[in-house]
Amino acid sequence: MAHWVIVPAAGIGARMGSITPKQYLPLGGQTVLGQTLHRLASLPGLSRIVVALHPEDHFWPELELPAGVSVSACEGGSQRSQSVLNALQSLQDEAGDDDWVLVHDAVRPCVRVAEIATLLRDIAGHPCGGLLAVPVSSTLKRRDEAGNVAATLPRENVWQAATPQAFRAGLLRHALESALLRGAEITDEAAALELVGYSPRLVRGSADNIKITYPEDLDLAELILAAQQRETARAAD
Ligand code: C5P
């Protein structure tokens, strides 16, 4: 069965406070998106990676793409769900409804390929698919308007969603279309599947699969990539 990868990269990264969108900031001798694509390209058996881009993205043509895998681009939308749906539509003639589609944030360059393989193994017999996620370890607070604590939230069984999120192509299309039609605010693909009555599988991933959101996340990502390289070198010794 074919595996397709969608990388939503059409965000402008307002929280980063940088003129260059965060997916194009330098990281480990490449850009954030370059690192992410090279990681994804090392997944065995990939049919294609589709990257959803902002309509005014002028950085993409300069990006060094990974060799050995087909990478194409499509225009993203004003919401992440629309960007992912556009990418899915660009695959409509090739991807079968039962094929797996992995959606991975452009700004998660530290994802471990072995964990993506675990995700795919764990969801093999699942009715819709699943996602990498990490159980929440800190105490959670809700903030009031004045900036004080309004409540302490129970954290039992609360997980933080990451990516990749992998779903059957047909179901994902149906779920995203219905979320967009309803005007539902969804921030990941699993939420769209939940809205149409599915319970995606939570597959435990590593906390180092960080999402680059704030400037300090870039320094952290550099440290994580260096630590992962040392780990790989030790394992090869
Ligand atoms: O904005 P946020 O950090 O949630 O974005 C997560 C991912 O979704 C990023 O890779 C971003 O480029 C992408 N995105 C997109 N289209 C949008 C908004 C965000 O592809 N309209």
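Use the structure listed above.
Overview of the overall build of the protein
Looking only at helices and strands, one finds six helices and eleven strands in the protein. Against the 2.2 N^0.38 benchmark of 18 Å for 237 residues, the protein shows a C-alpha radius of gyration of 18 Å, consistent with a compact globule. C-alpha extents for the protein along the principal axes are approximately 50 × 40 × 40 Å. Taking all 237 residues of the protein together, 48% fall into the buried category. Contacts in the protein between residues at least 24 apart in sequence constitute 70% of all its contacts with a sequence separation of at least 6. Within the structure as shown, the protein displays about 12,100 Å² of accessible surface, and the carbon and sulfur contribution to it stands at 49%. Put simply, the protein has 20 plus and 28 minus side-chain charges, and the middle of one group is 7 Å from the middle of the other.

Examining the nonpolar core
Nonpolar side chains tend to gather and get buried jointly when the protein is soluble and globular. Counting residues in hydrophobic clusters, the biggest one holds 29 residues, and the most contacted among them are Val7, Leu33, Leu37, Ile49, Val51 and Trp60. When residues no more than four places from it in sequence are discounted, the contact partners of Val7 are Leu33, Leu37, Leu40, Ile49, Val50, Val51, Ala52, His104, Asp105 and Ala106. Leu91, Ala95, Val103 and Ala169 belong to the second largest nonpolar core, which has 28 residues in total.

Overview of the site of the ligand
Near the ligand lie 15 residues; those nearest to it are Pro8, Ala10, Gly11, Gly77 and Ser83. In the model, a nitrogen atom of the ligand is placed 3.4 Å from a nitrogen or oxygen of the Gln79 main chain. Expressed as a share of its isolated accessible area of 460 Å², the protein-covered part of the ligand is 85%. Elements with a minimum of two residues in the shell around the ligand: β1 (3-9) and α2 (80-90). Along the lines of polarity and charge, the residues of the shell around the ligand split into five nonpolar, five polar and five charged.

Comments concerning the pattern of salt bridges
This structure, assessed with the given rule, holds seven salt bridges. Across the salt bridge formed by Asp208 and Arg112, the nearest N and O atoms sit 2.5 Å from each other. Highlighted residues: Asp208 in the loop between β11 (201-204) and α6 (215-236) and Arg112 in the loop between β6 (100-103) and α3 (113-122), separated in sequence by 96 residues. A salt bridge links Arg112 to Glu231; its shortest N-O distance comes to 2.7 Å. Remark: Glu231 occurs in helix α6 and Arg112 occurs in the loop between β6 and α3; sequence separation between them is 119 residues.

Comments concerning the packing of aromatic side chains
For any two aromatic rings, the description comes down to two numbers: the centre-to-centre distance and the angle of the planes. Applying the stated criterion across every chain, the model contains one aromatic pair. On the numbers, 4.9 Å between centres and 20° between planes, the contact of Tyr24 with Phe59 is stacked. Taken together, the positions of Tyr24 in the loop between β1 and β2 (26-27) and Phe59 in the loop between β4 (46-53) and β5 (71-75) put the pair 35 residues apart, joining distant regions of the chain. The class for Tyr24 is buried, based on a relative accessible area of 7%. Directly above the aromatic system of Trp100 lies the positively charged group of Arg168, at a separation of 3.9 Å from the ring centroid.

A look at the sheet that holds β11
Here we have seven strands laid out as an open sheet, ordered β5-β4-β1-β6-β10-β7-β11, and mixed in their pairing. The sheet is open, and its two edges are formed by β5 and β11, each paired on a single side. For this sheet, the mean inter-axis angle between neighbouring strands, taken without regard to orientation, is 30°. As paired strands, β4 and β5 are joined by five bridges and run parallel to one another. Bridging across to β5, Ile49 finds its partner in Val71. The sheet strands contacting helix α1 (residues 32-41) are β1 and β4, and the helix crosses β4 at an angle near 160°. Where α2 meets the sheet, it contacts β1, β4, β5, β6 and β10 (159-168), and its direction lies at approximately 140° from that of β1.

Description of unusual backbone geometry
The residue after Thr163, namely Pro164, is reached through a cis peptide bond having omega 10°. As for its placement among the helices and strands, Pro164 is situated in strand β10. One non-glycine residue, Asn157, lies in positive phi territory at about 65°. For Asn157, the position within the fold is in the loop between β9 (149-153) and β10. By relative accessible area, which is 71% here, Asn157 ends up exposed.

Parameters and conventions
- For every chain, the first residue of the written sequence is number 1, and numbering continues from 1 along that sequence.
- In keeping with the predicted nature of the model, local features appear solely for residues at pLDDT of at least 70, side-chain atom pairs appear and are counted solely at 80 or more, and the whole-chain, interface and lining totals rest on all residues.
- Remark: hydrogens and water are excluded; side-chain values derive from all non-hydrogen atoms of the structure.
- Secondary structure elements are taken from DSSP: a helix is a run of H or I of four residues or more, a strand is a run of E of two residues or more, and numbering for both begins at the N terminus.
- Here the globule rule is a power law, 2.2 Å times the number of residues to the power 0.38, and the radius of gyration is based on C-alpha atoms.
- Burial status follows relative accessibility: with a 1.4 Å probe on protein chains alone, a residue under 20% of its type maximum counts as buried, one over 50% as exposed, and anything between as partly exposed.
- Contact between two residues is taken to exist if any of their heavy atoms lie within 4.5 Å; hydrogens are not considered.
- With residues, only the protein chains shown are counted as cover, and all accessible areas are computed by Shrake-Rupley using a 1.4 Å probe.
- Lys and Arg are tallied as positive, Asp and Glu as negative. Neither His nor the chain termini are counted.
- A single reference atom marks each charge: NZ on Lys, CZ on Arg, CG on Asp, CD on Glu.
- To qualify as a nonpolar core, a set must consist of buried Ala, Val, Leu, Ile, Met, Phe, Trp, Tyr and Cys residues joined through side-chain atoms within 4.5 Å.
- In these notes, residues near a molecule or strand are those with any non-hydrogen atom within 4 Å of it.
- Contacts described as polar in this section are N or O atom pairs within 3.5 Å, which, within protein, must combine one atom able to donate a hydrogen with one able to accept it, while residues neighboring in sequence count only if both atoms come from side chains.
- For this classification, Asp, Glu, Lys and Arg are treated as charged, while Ala, Val, Leu, Ile, Met, Phe, Trp, Tyr, Cys and Pro are nonpolar and the rest, including Gly, are polar.
- Just to be clear on terms, a salt bridge is a Lys or Arg side-chain nitrogen sitting within 4 Å of an Asp or Glu carboxyl oxygen.
- Between the rings of Phe, Tyr and Trp (Trp by its six-membered ring), a pair exists once the centres lie within 6.5 Å; its type follows the angle of the planes, with under 30 degrees stacked, over 60 edge-to-face, and the other angles tilted.
- Over a ring means this: the NZ of a Lys or the CZ of an Arg is within 6 Å of the ring centre and within 35 degrees of the ring normal.
- When DSSP locates at least two bridges between a pair of strands, those strands are taken to pair.
- Simply put, an axis is a line fit to the C-alpha atoms, just over the touching stretch for a helix, and the angle between two N-to-C directions goes from 0 to 180 degrees.

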